[in-house]
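Residue strings, one per chain:
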Amino acid sequence: MRIRAALLFFCFSLTCAATGGGAPAAVATEQKVTSNGLALTPPMGWSSWNNFAENINETLLMETIDAMATNGMRDAGYQYINLDDGWQHYKGNRRDHPLEADPVKFPHGIRYLSDYAHSKGLKLGIYSGPGQMTCAGYTGSEGHEKEDAALFASWGIDHLKYDSCCSHKDAPKAVVQAIFGTMSKALLAQKHGIVFHACHCGWSDIWEWAAGLGINHWRIGQDISDDFDYPGNREGYYFDILDMIDRGVGLEKYAGPGHWNDYDMMVVGLKGKSADLVGAGASNVEYRTHFSLWAMVNSPLLASADLRHLDSDTLETLTNTEIIALNQDPLGKPAQRVRSAGGLEVFAKELADGSMAVALLNRGSPTADMTFNVHKDFNLPWTRYQVRDLWRHKDLGIYDIPYTAEVISHEARVFRISEIKADR
Ligand code: GLA
């Protein structure tokens, strides 16, 4: 597996200094950075990695931009087209090679692509990392952070994924903060705003300090696999969809406008056919559950299936604007898991207009009747409330008793509930 192999080659200079008796804490205290004011709602877009890995090029990217601009995704709120690892020219240590785009894959360069994305009302993201090499072995940004941030800005880049490749698991937090803080500071010095994603496998309690360093989103776990509920972790490493949801429980309080828990790129629609990502695929119901839960917890919504060839179920899932509205709600409050018993779970979140979003998740096999009680589950004083089903796009009526719905195996029924005031 590419990631773990890459770790063997890693040595960040800050850490090497630290383990050799340097003073990383002093470095970290210099990392005073402020927010860039971006990503006030979770970034929505597409990333190349899950489906294409290193097999990316200008034609694929331009066709993907065209697809997003015309298939309803842009109108539903998707903005970012993110190049992941593999856009770079050289493999090997940065000290031996410059950072530049592969001239065969990207013959007109990256600025050309970002101009194209911008001309279609979209944005372009790019990928690098704080080591000598990235996870797939391309040149990283170590020691060249200012230069690279300026390069990305000059290319009109709008989003940077900066990937530690799961290294530094047990390093002092100050070391990891210095690593990400150095790039964050370099990005903040650019006139062009660049959303900053710190990809660090959910280690070093990154959610506790990332926002303070100007980081807009951070991965909460290792890489996702294209599975709904694989027993254990594939290859002892990957998290399936339910693992990722479990991983986020308790982390909700760290997210808010401008700084989000990132549950990883979505696998919606991959169907076990990705050239690179492991996993057996999931059913359409399971992919809907995945999309619903990512929306409920305010994860970035980064699709990764081939946008040029989406089937109608996948496109319908990705463009459900009533579900997307929960993710993009201006209050920016991630859902909490308010109840969990026997594989039946209730998630809920407040929305800016005073309504609530509720997801009833059935992790088990038998179909279940699931009930929520607005008083007991959500501590609401409401006497009457309206229920809207966000997958069936239907108002289901007004209730003054607990609401019960039938939920099939692996489904999440998602509702928006609103108080009916006494004078109405
Ligand atoms: C790591 C990341 C992935 C992807 C690859 C690229 O595994 O977690 O999301 O960016 O690196 O090499």
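Residues numbered from 1 in each chain as written. Predicted model: local features only at pLDDT ≥ 70, side-chain atom pairs only at ≥ 80, totals over all residues. Heavy atoms only, no water.

Caption draft 1: Fine view of unusual backbone geometry. Here the phi dihedral of Ala39 falls at roughly 55 degrees; this positive angle occurs in a residue that is not glycine. Residue placement: Ala39 occurs in the loop between α3 (24–29) and β1 (44–47). The phi dihedral of Ala53 is positive, around 45 degrees, even though this residue is not glycine. With respect to the helices and strands, the residue Ala53 is situated in the loop between α4 (49–52) and α5 (58–70). (Helix = DSSP H or I, 4+ residues; strand = E, 2+ residues; numbered from the N terminus.)

Caption draft 2: Looking closely at the packing of α5 against helix α7 (residues 109–119). Relative orientation of the contacting elements α5 and α7 amounts to 10 degrees, with a least axis distance of 10 Å. With respect to α7, the element α5 is oriented roughly parallel. Facing α5, whose interface residues are Glu58, Leu61, Met62, Ile65 and Asp66, α7 presents Gly109, Tyr112, Leu113, Tyr116 and Ala117. Looking at the contact of α5 with α7 residue by residue, the classes come out as seven nonpolar, one polar and two charged. (Axes fitted to C-alpha atoms, helices over the stretch in contact; angles between N-to-C directions. Parallel < 35°, antiparallel > 145°, perpendicular 65-115°, else oblique. Contact = heavy atoms within 4.5 Å. Nonpolar A, V, L, I, M, F, W, Y, C, P; charged D, E, K, R; others polar.)

Caption draft 3: Looking closely at the domain arrangement of the chain. For the chain, the domain assignment lists domain 1 (3–327) and domain 2 (336–419). Averaged C-alpha coordinates put domain 1 and domain 2 at centres separated by 31 Å. Residue-level contacts link 23 residues of domain 1 with 22 residues of domain 2. Here domain 1 packs against domain 2, burying approximately 1,900 Å² in sum over the two surfaces, 63% of which is carbon and sulfur. Its largest share of buried area at the contact with domain 2, domain 1 owes to Met296, Glu322 and Leu326, together 30% of the area lost on that side. Applying the counting criterion to the domain 1 and domain 2 interface returns three salt bridges. Between Asp246 and Arg337 there is a salt bridge, with the nearest N and O atoms lying 3.0 Å from each other. The tally of links between domain 1 and domain 2 comes to twelve residue pairs in polar contact (both at pLDDT 80 or more). Among the elements of the structure, α11 (241–248), α12 (284–296), α13 (312–318) and α14 (321–327) are those that each provide at least two residues to the side of domain 1 that touches domain 2. (Domains from an automatic or database assignment. Buried area = accessible area lost by both parts, 1.4 Å probe. Salt bridge = Lys/Arg side-chain N within 4 Å of Asp/Glu carboxyl O. Polar contact = N/O pair within 3.5 Å; in protein donor to acceptor, adjacent residues only side chain to side chain.)

Caption draft 4: Representation of helix α8 (residues 145–154) within the structure. Every buried residue of α8 is listed here: Glu145, Asp148, Ala149, Phe152 and Ala153. Considered in projection along α8, the buried side chains sweep an arc of 135 degrees and stay on one side of the axis. Where α8 is buried, its residues meet α7, β3 (123–128), β4 (159–163) and α9 (173–188). A positive phi of about 80 degrees marks Gly156, the residue just after α8. (Buried < 20%, exposed > 50% of the residue type's maximum accessible area, 1.4 Å probe, protein only. Arc of directions from axis to C-beta.)

Caption draft 5: Fine view of the pairing of β4. Among the five residues that make up β4, five are buried, leaving the element largely enclosed by the rest of the structure. Neither face of β4 is left uncovered, since the one carrying His159, Lys161 and Asp163 and the one carrying Leu160 and Tyr162 both have all their residues buried. Here β3 runs beside β4; their pairing, made up of four bridges, is parallel. Among the inter-strand pairings, Ser128 is bridged to a residue of β4, identified as Tyr162. In this sheet, strand β5 (residues 195–199) lies alongside β4 in parallel orientation, the contact comprising five bridges. Across the sheet, Lys161 pairs through a bridge with His197, a residue of β5. You can see the chain leave β4, run along α9 and come back into β5, and the turn it takes is right-handed. (Pairing = 2+ DSSP bridges. Right-handed = clockwise from strand over helix to strand, strands pointing away.)

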